[in-house]
Amino acid sequence: MSHSAQPTASLYIDGAFVEGAGAELAVHYPYTGEVIANLREASAEQVAQATAAAQAAQPAWAALRPVERGRVLIAAARIIRERGEELARLETLDTGKPIQETRVADWPSGADALEYFGGLAPTVTGQSIPLGGDFVYTIREALGVCAGIGTWNYPSQIACWKAAPALAMGNAMVFKPSEETPLGALQLAAILAEAGLPAGIFNVVQGRGAVGAALVTDPRVAKVSLTGSVGTGKRVYAAAAADMRHVTMELGGKSPLIVFDDASLEDAVGAAILANFYSSGQICSNGTRVFVQNGILPQFLDRLAERAARVRIGDPLDEATQHGPIVSPAQAARIREAIAKGQAEGARLICGGPGEGAFVPPTVFADVADGMWIAREEIFGPVMSVLGFATEAEAIARANATPYGLAAGVFTRDLARGHRVAGALQAGTAWINAYNLTPVEAPFGGVKLSGIGRENSAAAIEHYSQLKTVYVGMSPVEAPY
Ligand code: NDP
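Residues numbered from 1 in each chain as written. Predicted model: local features only at pLDDT ≥ 70, side-chain atom pairs only at ≥ 80, totals over all residues. Heavy atoms only, no water.

- Per an unreviewed UniProt entry, the protein is named Betaine aldehyde dehydrogenase, and its organism is Paracoccus halophilus.
- If you open the UniProt record of the protein and go to Sequence similarities (unreviewed entry), you find "Belongs to the aldehyde dehydrogenase family." (UniProt positions renumbered as here; feature names shortened; annotations may be inferred.)

Here is the structure:
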């Protein structure tokens, strides 16, 4: 069966699909490896055309009433929900993720963001600051042209999470998807246009890292929002800093999940599964270091192995499939290298292993020591490390002994301990008796090397706007001479 997913054209600039003038970009369906679309990268001139179109269109968009901007975003969310099945299928072809995931997680959470920020836009106001006669008022202004750069694990969600707050605040955006998953952002551009977005406000350019680098340093770009690895984040942050651009960096992690011996074992095992194997483990906030208190460690491992063995691996378009392929052969090879390192370092394989072809099964290592490579480095695949611990203080200290700080989790029935541990963990998000839930209502982002800035929630508004102070003099000006 052929799975063609050829878009109208590779790029979307100034309200129109246009073909890229740069290098060829073949899009593969990760399950079969077949080419499902042939795209072309944007040339340097086309990147400049996109930012110029965004710059030209942005002032009129920012001058609309916020409720009018919000109406467009909310209309786009409705279109996404109406086309849910078709969009989920395309997301599965682009990423290889099971259709049972893409139906509920990817575009639906993108639609949530468009609804949330569409509704929030008219509520954003400034302050009035009395000075006894004179007074000050503040205006929250758009930044101008924002660059969005995404990775491949949640391509359409990432495009929506960046576009929704940016557009709500009156900015224009030029978005570059990952070269691995370029299709969803083009759908978003078409949907936003259908919802009434003016030409030039949301543009899509395709390409590898060099296109992203050209976008980041374009003189018209005022802000860069990247979802990607820590290494790329450092490069992009430095490039953006050269001209004092604003940044949001959503980067990687090696997050801890701490399970105390009073926790519900079934819930904790379920959370560890969701925290490591959903989307074949390709999730930045995954709790890949699972610290389990020594008293329940054997039961935890037994139950984990039993439940992991039941996973249905296979065709991602089959509704019954729970675990799909890895996004690309290169990424699968990196994950297999990590598994080999774990074995070479003496960690004990409880289940899974390197797998075959595009598939890496849910893999669990026990007897992992903190210093092992697999416990220190982000693998970005379905590989869990389980580590035993004795005391709360020890678990917290070991959980925090990482340069990353995206997320963390704690499972316990002790209310005070749950809050105490959540408070002590160095992470942008800490879950108590839950894991990997990232509703649009809650801020999301990292501390330490995992990033800067927050997506989602009202907090995101601050990252897509700037404050202007207007001082109003009400008295005669008294100059000294
Ligand atoms: P990369 O950092 O390699 O790429 C991210 C994006 O940046 C891609 O679109 C890439 O283009 C682009 N890019 C690469 N180099 C540059 C550059 N010099 N200037 C501008 N753009 C550039 O990450 P991966 O795609 O490999 O994604 C995996 C990483 O993303 C993991 O570390 C993961 O933890 C992190 N991640 C973080 C999330 C979060 O919210 N915190 C969510 C999801 C993933 P291209 O790839 O097309 O060459």
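## Things to note about the packing of aromatic side chains
Item 1. One pass over the structure, following the stated rule, counts nine aromatic pairs.
Item 2. Ring centres 6.2 Å apart and planes at 70° place the aromatic pair Trp161 and Phe444 in the edge-to-face group. Here the residue Trp161 occupies a position in helix H5 (residues 155-168), and Phe444 occupies one in the loop between strand S18 (429-432) and strand S19 (451-452), the gap between them amounting to 283 residues.
Item 3. Classification of Trp161 by relative accessible area gives buried; the value is 6%.
Item 4. Overall, the relative accessible area of 7% leaves Phe444 in the buried class.
Item 5. Grouped by ring-pair contacts, the aromatic residues Tyr29, Tyr31 and Phe359 constitute a single cluster.
Item 6. A cation over an aromatic ring shows up here: Lys223 above the ring of Tyr464, its NZ or CZ 4.5 Å from the ring centre. (Phe/Tyr/Trp six-rings, centres within 6.5 Å; stacked < 30°, edge-to-face > 60°. Helix = DSSP H or I, 4+ residues; strand = E, 2+ residues; numbered from the N terminus. Buried < 20%, exposed > 50% of the residue type's maximum accessible area, 1.4 Å probe, protein only. Lys NZ or Arg CZ within 6 Å of the ring centre and 35° of its normal.)

## Observations regarding the packing of helix H2 (residues 66-82) against helix H6 (residues 183-194)
Item 1. In the contact formed by H2 and H6, the axes pass within 8 Å of each other and the chain directions differ by 120°. Between H2 and H6, the angle falls in the class oblique. Crossing of H2 over H6 shows right-handed handedness. On H6, the residues that touch Val72, Leu73, Ala76, Ile79 and Ile80 of H2 are Leu188, Ile191, Leu192 and Glu194.
Item 2. Class assignment for the residues of the contact of H2 with H6 results in eight nonpolar, no polar and one charged. (Axes fitted to C-alpha atoms, helices over the stretch in contact; angles between N-to-C directions. Parallel < 35°, antiparallel > 145°, perpendicular 65-115°, else oblique. Left-handed = near helix turned anticlockwise from the far one by under 90°. Contact = heavy atoms within 4.5 Å. Nonpolar A, V, L, I, M, F, W, Y, C, P; charged D, E, K, R; others polar.)

## Describing the domain arrangement of the protein
Item 1. Here the domain parsing of the protein yields domain 1 (11-251 + 450-468) and domain 2 (256-432).
Item 2. Domain 1 and domain 2 are separated by 31 Å when their C-alpha centres are compared.
Item 3. Across the domain 1 to domain 2 interface the summed buried area is about 2100 Å²; carbon plus sulfur atoms make up 59%.
Item 4. When the buried surface of domain 1 facing domain 2 is broken down by residue, Tyr31, Trp152 and Ser450 rank first, second and third, together holding 27% of it.
Item 5. Here domain 1 is connected to domain 2 by one salt bridge.
Item 6. Glu319 is paired through a salt bridge with Arg103; the nearest N and O atoms lie 3.1 Å apart.
Item 7. At the boundary of domain 1 and domain 2, one finds nine residue pairs in polar contact (both at pLDDT 80 or more).
Item 8. Per element, the largest residue contribution to the side of domain 1 that touches domain 2 is six residues, and it comes from helix H4 (residues 99-120). (Domains from an automatic or database assignment. Buried area = accessible area lost by both parts, 1.4 Å probe. Salt bridge = Lys/Arg side-chain N within 4 Å of Asp/Glu carboxyl O. Polar contact = N/O pair within 3.5 Å; in protein donor to acceptor, adjacent residues only side chain to side chain.)

## Describing the environment of Ala113
Item 1. Counting through the fold element by element, Ala113 comes out in helix H4.
Item 2. Relative accessible area serves as the criterion here: at 0%, Ala113 is assigned to the buried category.
Item 3. C-alpha of Ala113 to C-alpha of Pro219: the two residues are 106 residues apart in sequence and 28 Å apart in space.
Item 4. Setting aside anything within four residues of it in sequence, one finds Ala113 in contact with Gly118, Cys160, Trp161, Ala164 and Val440.

## Considering the UniProt feature "domain: Aldehyde dehydrogenase" (unreviewed entry) in the protein
Item 1. Feature annotation in UniProt assigns "domain: Aldehyde dehydrogenase" (unreviewed entry) to the following positions: residues 17-470.
Item 2. In this annotation, residues 17-470 is assigned 41% helix and 20% strand; the end-to-end C-alpha distance for the span is 41 Å.

## A few points about the sheet that holds strand S16 (residues 383-389)
Item 1. Pairing within the open sheet is mixed, and its seven strands lie in the order S14-S15-S16-S13-S12-S17-S18. Either end of the sheet is taken by a strand with one partner, and the two such strands are strand S14 (348-351) and S18. Within the sheet, the average angular offset between the axes of one strand and its neighbour, ignoring direction, is 20°.
Item 2. As paired elements, strand S12 (residues 256-259) and strand S17 (residues 407-411) share three bridges and run parallel to each other. What sits directly across from Val259, in S17, is Phe411.
Item 3. Seen against the sheet, helix H9 (residues 265-277) touches S12, strand S13 (289-293), strand S15 (363-366), S16 and S17 and runs at an angle of roughly 140° to S16.
Item 4. Along the sheet face, helix H13 (residues 392-400) touches S12, S13 and S16 and points at about 145° away from the line of S16. (Pairing = 2+ DSSP bridges.)

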